[in-house]
Amino acid sequence: MEVVLDGSKHVEIKKFDGDIQIGRRKALTDDFIRSMLSAIDEQELLNYLFEKEYLEVIQKYIDEEADVRYVGTVFENLIQKINNKKDSLENNPYYIDLLILLLDKVDIQKIDLMGLRGILGSALKNVDKMESDSVEFQSLLLTLLNKAEVNKELSTPALSKILGVAAKKVAMTENQEELKELFFSIVTKAQNDWLEKAISTAVPNRVLCNSFMPKNIVYYQKDLISETVIIQVPKEKRNVRFHDVEYKQVGHPSLLFYFRVQNHRISKIKIACVKDKILKEDTRLYHYPYSNVFGDHRVCWSYGEYNIDSLDKLQHIPYVFLSTPNNGHVNPQTRMLFEKYQNAEFDDETLSPSNKTFAEFVAKD
């Protein structure tokens, strides 16, 4: 037989008996190819169609042109093929790739359960013959997990089994990037006591704080991110400035300076006044009477440049603040109050009550 391609949609087919031509006809090229395909061994045909470049063609067709219902029909035909025990489709090296293409488009909730089990069983049939880091099986697993919407709808027993497999993987892996990604995804869901137990197990001798408390520190808290320090400045008279004008021995109430220190830098300062000699959680606080402190106790002052690598270096910051020139920006009455309390003890009864207790003042916000 001789086939002549003439560049059109037709082919010319000539049939010979020896050297003698005994027949001749034309056919559509597509019809001719279909007739030839029917003569090819089915497994060989699948091998041909599953080659990588053809999978890319299938991918493009599914993404751009194929109706979802058509893809479902193809998937159902694939299920029938698998159920036919005489076929060995799952042995084809590109079978997993084809499954991934189809599973990504079909609604697995609408597929017959037994058929779906057959498909997945066929995919895993030769898993012990595959490399453990096979990209194909990783992609198939991710596709199935995404289709099942693990984070929303998957049942607790099923999710527990998946997490159990992941836990075994963690126990075996030495890949630090994998462990880091998994660790941070779990930390967001973990309870505090779990984290504390994990840290105490990993670094049992880790010391969070090991130092003497400098004078006048009345509260100290250190966590894994920052330190909270409360320094009490006693009631006394001190020299102050209003712009360029100096006032001698101006009375000040007892002050509490709140510091939050992170990465050796001060990230927050608050100031409150206190009347009580003994501080307790429910001790009532009062507003600072002069300038540079807002109504919520935050200071209007630049402090980010100070390097605080020890509590000793924090001790002098309150006095740096108190020696800073004042103005009438936050409290227009500041100059009048300086004149009133120059060479006089501050009258605590004139303090304006805050809505904060000591416990609320030291709490993170």
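Whatever comes next refers back to the structure up there.
How each quantity is defined
Residues numbered from 1 in each chain as written. Predicted model: local features only at pLDDT ≥ 70, side-chain atom pairs only at ≥ 80, totals over all residues. Heavy atoms only, no water. Helix = DSSP H or I, 4+ residues; strand = E, 2+ residues; numbered from the N terminus. Buried < 20%, exposed > 50% of the residue type's maximum accessible area, 1.4 Å probe, protein only. Contact = heavy atoms within 4.5 Å. Areas by Shrake-Rupley, 256 points an atom, 1.4 Å probe, with all protein chains shown as cover. Salt bridge = Lys/Arg side-chain N within 4 Å of Asp/Glu carboxyl O. Core = buried A, V, L, I, M, F, W, Y, C linked by side-chain atoms within 4.5 Å.

1. A short note on the overall build of the protein
Check the secondary structure of the protein and you find 13 helices and 11 strands. Per-residue burial over the protein gives 32% buried out of 365 residues. Taking contacts inside the protein between residues at least 6 apart in sequence as the whole, the part at least 24 apart equals 62%. Per element, the accessible surface of the protein, about 24200 Å² overall, is 53% carbon and sulfur.

2. Some points on the pattern of salt bridges
Scanning the entire structure with this criterion turns up 9 salt bridges. A single salt-bridge network, built from bridges that share partners, covers K235, E345 and D348.

3. Notes on the side chain of K268
Among the structural elements, K268 can be located in strand β9 (residues 265-274). Look at K268 and you get buried, because its relative accessible area is 16%. When residues no more than four places from it in sequence are discounted, the contact partners of K268 are Y258, F259, R260, R298, Y303 and D365.

4. Re the environment of Q315
Looking at the element boundaries, Q315 is found in the loop between β10 (284-286) and α11 (317-322). With relative accessibility at 25%, the residue Q315 sits in the partly exposed group. Taking the C-alpha atoms as reference, Q315 lies 7.5 Å from I231; in sequence the two are 84 residues apart. The residues touching Q315, leaving out its near neighbours within four places in the chain, are P214, K215 and I231.

5. Remarks on unusual backbone geometry
Although it is not a glycine, H243 adopts a positive phi angle of roughly 55 degrees. Tracing the backbone through its elements, the reader meets H243 in the loop between β6 (236-242) and β7 (245-252). Accessibility expressed as a relative area gives 47% for H243, which makes it partly exposed. Positive phi is not limited to glycine here, since H264 has a value of about 65 degrees. Along the chain, the position of H264 falls in the loop between β8 (254-262) and β9.

6. Comments concerning the nonpolar core
Among soluble globular proteins, nonpolar side chains are generally buried collectively. Grouped together as the largest cluster of nonpolar side chains are 34 residues, with contacts concentrated most on F257, F259, I269, Y288, L314 and F321. For this core, the secondary-structure elements that each account for two or more residues are β5 (227-233), β6, β7, β8, β9, α11 and α12 (334-341). Not counting chain neighbours up to four residues away, the residues in contact with F259 comprise E227, T228, V229, I231, I266, K268, I269, L314, I317 and P318.

Function cannot be inferred from these measures alone, as they are strictly geometric.
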